[in-house]
Structures are given as structure tokens and as C-alpha cells.
Amino acid sequence: MPRPHTTMRKIRDVLRLRLGEQLSLRQVSLSLVIPHTTVADYVRRARDAGITSWPLPDELSSDDALEARLFGSSASAPRVRPEPDYC
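What this report covers is the structure whose coordinates are included nearby. (Residues numbered from 1 in each chain as written. Predicted model: local features only at pLDDT ≥ 70, side-chain atom pairs only at ≥ 80, totals over all residues. Heavy atoms only, no water.)

## Some points on the overall build of the protein chain
- Counting its regular elements, the protein chain contains four helices and zero strands.
- In the protein chain, the succession of α and β elements from N to C terminus is α-α-α-α.
- The proportion of buried residues among the 87 residues of the protein chain is 29%.
- Contacts in the protein chain between residues at least 24 apart in sequence constitute 54% of all its contacts with a sequence separation of at least 6.
- Put simply, the protein chain shows about 6,500 Å² of open surface, and 53% of that area lies on carbon and sulfur atoms. (Helix = DSSP H or I, 4+ residues; strand = E, 2+ residues; numbered from the N terminus. Buried < 20%, exposed > 50% of the residue type's maximum accessible area, 1.4 Å probe, protein only. Contact = heavy atoms within 4.5 Å. Areas by Shrake-Rupley, 256 points an atom, 1.4 Å probe, with all protein chains shown as cover.)

Dropping the structure here:
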């Protein structure tokens, strides 16, 4: 079952608490009431995207820019599946 969608506000809070306040993954998880595996995923995505400090750079001030950097443009692209052959 997929994870419920997390708001960009919570993702920013994850980055602020982890990168800015230096809290552990579990402390961030408890603070924001989200699974620690989700926190670890967002921190990993940020690290892979070159985001290593808080506050975020000016080019990531909008939610759309941050989302594109963390999740890439493929996150919004629909999945194309082949049609079954009904013959």
C-alpha cells in the first residue's frame, strides 16, 4: 500500500529539523508524527539532490522548485502501461 501524500510544508519541516536543528531521524519522526522511514527517504532525496544545509537556497523558496528537485519531473509524469491483447 502506498504512503499517504505528505505536504511540502512537512517536508520543509523535516529538512529544517534534520539539517538545521541536527535532530536524529527518530526525533524528527516523533516531532512531526510521520514514520521514520519516510523521514529517512526525504533526507536521502535531499542529500542526493545536493541539499545539505538549512536554510534552503533562494532558488528552492517555492514548493514547486523544491518538489522538482527532490522528486524530479518523472514524479508528475503519468505511467504508461501497454494495453492488454484481448484477442
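From this point on, the discussion continues.
## Here we look at the pattern of salt bridges
- Tallying each qualifying case throughout the model produces seven salt bridges.
- In this structure, the salt-bridge partner of Asp41 is Arg45, at a minimum N-O distance of 3.3 Å. Taken as a pair, Asp41 and Arg45 lie in helix α3 (residues 36-48) at a separation of four residues, close to a single helical turn.
- Between Asp48 and Arg44 there is a salt bridge, with its nearest N and O atoms 3.3 Å apart. Remark: Arg44 and Asp48 occur in helix α3; sequence separation between them is four residues, near one turn of the helix.
- Note on Arg44: relative accessible area 36%, which makes it partly exposed. (Salt bridge = Lys/Arg side-chain N within 4 Å of Asp/Glu carboxyl O.)

## Here we look at the packing of helix α2 (residues 25-32) against α3
- Contact geometry for α2 and α3: axes closest at 8 Å, N-to-C directions at 115 degrees. Both α2 and α3 take part in a crossing whose hand is right-handed. Between α2 and α3, the contacting residues are Leu25, Arg26, Val28 and Ser29 on the first element and His36, Val39, Ala40 and Val43 on the second.
- Of the residues that constitute the contact of α2 with α3, the class distribution is five nonpolar, two polar and one charged. (Axes fitted to C-alpha atoms, helices over the stretch in contact; angles between N-to-C directions. Left-handed = near helix turned anticlockwise from the far one by under 90°. Nonpolar A, V, L, I, M, F, W, Y, C, P; charged D, E, K, R; others polar.)

## A short note on the packing of aromatic side chains
- Scanning the model with the defined rule gives one aromatic pair in all.
- Look at Tyr42 and Phe71: their rings are 6.2 Å apart centre to centre, the planes differ by 90 degrees, and that puts the pair in the edge-to-face class. Of the two residues, Tyr42 is situated in helix α3 and Phe71 in helix α4 (residues 63-71); the sequence distance between them amounts to 29 residues.
- What makes Tyr42 buried here is its relative accessible area of 6%. (Phe/Tyr/Trp six-rings, centres within 6.5 Å; stacked < 30°, edge-to-face > 60°.)

Remember, this is a structural readout, not a statement about activity or role.
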